[in-house]
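So you can see what is in the structure, the chains are spelled out below.
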Protein chains: 2
Amino acid sequence: MGKVSVVKGILDANDRIANENRALFDRKRIYVINLMSSPGAGKTTLVEKTIGALRDRYRIGVIEGDIQDTYDADRIASLDIPVVQINTGGGCHIDANMVREALSGLDLDNMDFLITENVGNLVCPAEFRIGENAKVMILSTPEGTDKPSKYPLMFRESKVLLINKMDLAPYVDFDLEKARRDAGAINPGLHIIEVSCKSGKGLEEWFSWIGSTIEEFKKSST
Amino acid sequence: MGKVSVVKGILDANDRIANENRALFDRKRIYVINLMSSPGAGKTTLVEKTIGALRDRYRIGVIEGDIQDTYDADRIASLDIPVVQINTGGGCHIDANMVREALSGLDLDNMDFLITENVGNLVCPAEFRIGENAKVMILSTPEGTDKPSKYPLMFRESKVLLINKMDLAPYVDFDLEKARRDAGAINPGLHIIEVSCKSGKGLEEWFSWIGSTIEEFKKSST
């Protein structure tokens, strides 16, 4: 019998395409984030606020990942920002190949910053690289303090953790210090920012982090 | 070449084991719910409250599904209720085989009602039958009104939808009527109950529903 090639697994196959996406983004000098959270933690609202703050400095594009429908993409399109919707058709995360397909709908020659919003899910999206520069995650206070301990992978993989819905903190049992401590124990390099997309609290720190990170990226890639 | 048998898919294989679990539960006359929601919507707290309300009438057992750790199982064990923890080791849902394995840790001859708490995830758990009589799901108000439209499968598969954290409704943008309408359009038979596990509001209606459903089951299986 001839030699049998074994594809080691779905994650290996995904990684190869993620590397190709990454190489393309580097050629085009596009900084890419992969935004992840539970359903309803505030991803799309954060994308809207980030666009509002940075659209004068950077040419922004968005990929929206959802199981079905185009609600989130419609929200972004109404801001006159280029956006492509990925419908996973039941799938609980986006992967590198879906992103590659979506890129054909975007003008990569006129883009500095690509925001990819993943399917609402605190588990699987963290396993699939898409060619991003950074994974950014949101945890909202009503979800509870125990989430870093219960869903560690996403906290480990992310560069930034936005603790959102701080405006609801007085009404829910959320122990901010414990959440910070547990997340930091899982990922000592994690940059944690407390925000409220509703009141605007803390968003300046996020805009500042992402702005200076994009600047660094542009410098390093010239 | 000989005939090649094809296992049609992971869901077929799961269904076979789910049917075996179901047959076992019927022999033992145990009513089983599969409790599902996003992370932090209030599953474990609902389980605690349900145990408190029904433990004098029924012999209750619990299976806790989590990616890792035993936090939730510890909470249940402190109530002196038999509980087995499934750790999925990264997996985003529990399946029929995991439940079958967990059953060896429970005394099925002394049980009327088995509560299985799934991994926090609004997507994949709905795809995997475990041998339950009913899927029960929780949507919490901070997650937002758009969840039925964005994650329809779980709403379609569930018999009961508990809209939890009604105490937070004044502080979040949650359109109760629209959520009810959208969920009902996906699943006209869905029984929707508004609750607050914190204040206790609405829980009597849930206790009443589950109590009378267990009674019907016991009658039909004699």
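Our subject is the structure listed above.
Here's a quick rundown of the structure. (Residues numbered from 1 in each chain as written. Chains lettered and ligands numbered in written order. Predicted model: local features only at pLDDT ≥ 70, side-chain atom pairs only at ≥ 80, totals over all residues. Heavy atoms only, no water.)

1. Comments concerning the pattern of salt bridges
And then number 1: By the definition in use, this model includes 32 salt bridges over all chains.
And then number 2: Residue Lys198 of chain B is joined to Asp173 of chain A by a salt bridge in which the shortest nitrogen-to-oxygen separation is 3.8 Å. In this pair, Lys198 of chain B is assigned in the loop between strand S7 (191–194) and helix H8 (203–220) and Asp173 of chain A in the loop between strand S6 (160–164) and helix H7 (176–186), connecting two distinct chains.
And then number 3: A relative accessible area of 65% places Asp173 of chain A in the exposed class.
And then number 4: A salt bridge links Lys218 of chain B to Asp112 of chain B; the shortest N-O distance between them is 3.2 Å. With Lys218 of chain B in helix H8 and Asp112 of chain B in the loop between helix H4 (96–103) and strand S4 (113–117), this residue pair connects regions lying 106 residues apart in the sequence.
And then number 5: Judged by relative accessible area, which is 23%, Lys218 of chain B ranks as partly exposed. (Salt bridge = Lys/Arg side-chain N within 4 Å of Asp/Glu carboxyl O. Helix = DSSP H or I, 4+ residues; strand = E, 2+ residues; numbered from the N terminus. Buried < 20%, exposed > 50% of the residue type's maximum accessible area, 1.4 Å probe, protein only.)

2. Re the sheet that holds strand S1 (residues 31–37) of chain A
All names here are of chain A.
And then number 1: Across the sheet, seven strands lie side by side as S3-S2-S4-S1-S5-S6-S7; this open sheet has parallel pairing. Looking along the sheet, the strands with just one partner apiece sit at the ends: strand S3 (83–87) and strand S7 (191–194). Sheet twist, expressed as the mean angle between neighbouring strand axes with direction ignored, is 20 degrees.
And then number 2: Bridging between S1 and strand S4 (residues 113–117) involves five bridges; their strand directions are parallel. Its bridge partner lying in S4, Val32 is registered against Leu114. (Pairing = 2+ DSSP bridges. Axes fitted to C-alpha atoms, helices over the stretch in contact; angles between N-to-C directions.)

3. Section: the relation of the copies chain A and chain B
And then number 1: Turning chain A through 180 degrees and shifting it by 0.0 Å along the axis lays it on chain B, with an RMSD of 0.0 Å. Interpreted geometrically, this transformation is the action of a two-fold axis.
And then number 2: The residues that chain A uses at the interface reappear at the interface of chain B in 100% of cases, marking a shared surface. (Least-squares fit on C-alpha atoms with pLDDT ≥ 70 in both. Contact = heavy atoms within 4.5 Å.)

4. A short note on the interface of chain A and chain B
And then number 1: Taken together, the contact between chain A and chain B spans 31 residues of the former and 32 residues of the latter.
And then number 2: Note on chain A versus chain B: buried area summed over both sides is about 2,600 Å², and carbon and sulfur give 55% of it.
And then number 3: When the buried surface of chain A facing chain B is broken down by residue, Pro39, Lys150 and Tyr171 of chain A rank first, second and third, together holding 23% of it.
And then number 4: At the junction of chain A and chain B, the tally comes to six salt bridges.
And then number 5: Our count for the chain A to chain B interface comes out at twelve residue pairs in polar contact (both at pLDDT 80 or more).
And then number 6: Secondary structure elements with two or more residues in the side of chain A that touches chain B: helix H3 (71–77) and helix H5 (147–150) of chain A. (Buried area = accessible area lost by both parts, 1.4 Å probe. Polar contact = N/O pair within 3.5 Å; in protein donor to acceptor, adjacent residues only side chain to side chain.)

5. Points about the pairing of strand S5 (residues 134–140) of chain B
All names here are of chain B.
And then number 1: Across the seven residues of S5, seven count as buried, placing the element largely inside the fold.
And then number 2: Pairing between strand S1 (residues 31–37) and S5: five bridges, direction parallel. Its bridge partner lying in S5, Ser37 is registered against Ile138.
And then number 3: In terms of strand pairing, S5 meets strand S6 (residues 160–164) through five bridges, oriented parallel. Of the residues in S6, the one forming a bridge with Met137 is Leu161.

6. Considering the sheet that holds S5 of chain B
Residues and elements named next belong to chain B.
And then number 1: An order of S3-S2-S4-S1-S5-S6-S7 is seen for the seven strands of this open sheet, with the pairing classed as parallel. Strands with a single pairing partner mark the edges of an open sheet, and in this sheet they are strand S3 (83–87) and S7. Along the sheet, successive strands turn relative to each other by an average axial angle of 20 degrees, direction set aside.
And then number 2: Here helix H2 (residues 43–54) sits on the sheet in contact with S1, strand S2 (60–66), S4, S5 and S6, set at roughly 170 degrees to S4.
And then number 3: Across the sheet, helix H7 (residues 176–186) touches S6 and S7, and the angle it forms with S7 is around 160 degrees.

7. Brief notes about the packing of aromatic side chains
And then number 1: Overall, the coordinates contain seven aromatic pairs over all chains when judged by the stated rule.
And then number 2: Consider the rings of Tyr31 of chain B and Phe113 of chain B, whose centres lie 6.4 Å apart with planes at 40 degrees: the pair is tilted. Taken together, the residues span a long stretch of sequence, with Tyr31 of chain B in strand S1 and Phe113 of chain B in strand S4 at a distance of 82 residues. Both residues of the pair, Tyr31 of chain B and Phe113 of chain B, belong to the buried class.
And then number 3: The exposure class of Tyr31 of chain B is buried, given its relative accessible area of 3%.
And then number 4: Aromatic rings pair up to connect Tyr31, Phe113 and Phe217 of chain A into one cluster. (Phe/Tyr/Trp six-rings, centres within 6.5 Å; stacked < 30°, edge-to-face > 60°.)

8. Remarks on the pairing of S1 of chain B
And then number 1: The buried fraction of S1 of chain B amounts to seven of the seven residues, a majority that puts the element mostly inside the structure.
And then number 2: The side-chain alternation of S1 of chain B yields two buried faces, one formed by Tyr31, Ile33, Leu35 and Ser37 of chain B and the other by Val32, Asn34 and Met36 of chain B.

9. Quick word on the nonpolar core
And then number 1: Grouped together as the largest cluster of nonpolar side chains are 78 residues, with contacts concentrated most on Leu114 and Leu161 of chain A together with Leu114 and Leu161 of chain B.
And then number 2: Setting aside anything within four residues of it in sequence, one finds Leu161 of chain B in contact with Met137, Ile138, Leu139, Phe155, Ala183, Leu190, His191, Ile192 and Ile193 of chain B. (Core = buried A, V, L, I, M, F, W, Y, C linked by side-chain atoms within 4.5 Å.)

10. Concerning helix H1 (residues 10–28) of chain A
Residues and elements named next belong to chain A.
And then number 1: For H1, spanning 19 residues, the distance from its first C-alpha to its last is 27 Å, which sits close to the expected 27 Å at 1.5 Å a residue.
And then number 2: Along H1, the residues classified as buried are Asn14, Ile17, Ala18, Asn21, Arg22 and Phe25. One side of H1 carries all its buried residues, which in axial view fall inside an arc of 155 degrees.
And then number 3: Residues of H1 that are buried make contact with S1, helix H4 (96–103), S4 and helix H8 (203–220). (Expected span 1.5 Å × (residues − 1). Arc of directions from axis to C-beta.)

11. Here's the deal with the side chain of Lys43 of chain B
Residues and elements named next belong to chain B.
And then number 1: Tracing the backbone through its elements, the reader meets Lys43 in helix H2.
And then number 2: No salt bridge is formed by the buried Lys43. Its closest oppositely charged neighbour is Glu117, at 4.5 Å.
And then number 3: Within polar-contact distance, the side chain of Lys43 engages the backbone oxygen of Ser38 at 3.3 Å.
And then number 4: Excluding its chain neighbours within four sequence positions, the residues that come into contact with Lys43 are Leu35, Met36, Ser37, Ser38, Glu117, Asn118, Gly120 and Ile138. (Lys, Arg positive; Asp, Glu negative; His and termini not counted.)

12. Considering the environment of Val99 of chain B
Residues and elements named next belong to chain B.
And then number 1: Its location among the elements puts Val99 in helix H4.
And then number 2: Classification of Val99 by relative accessible area gives buried; the value is 1%.
And then number 3: Those residues in contact with Val99, other than ones at most four positions away along the chain, are Asn21, Phe25, Ile63, Ile86, Ile94 and Ile130.

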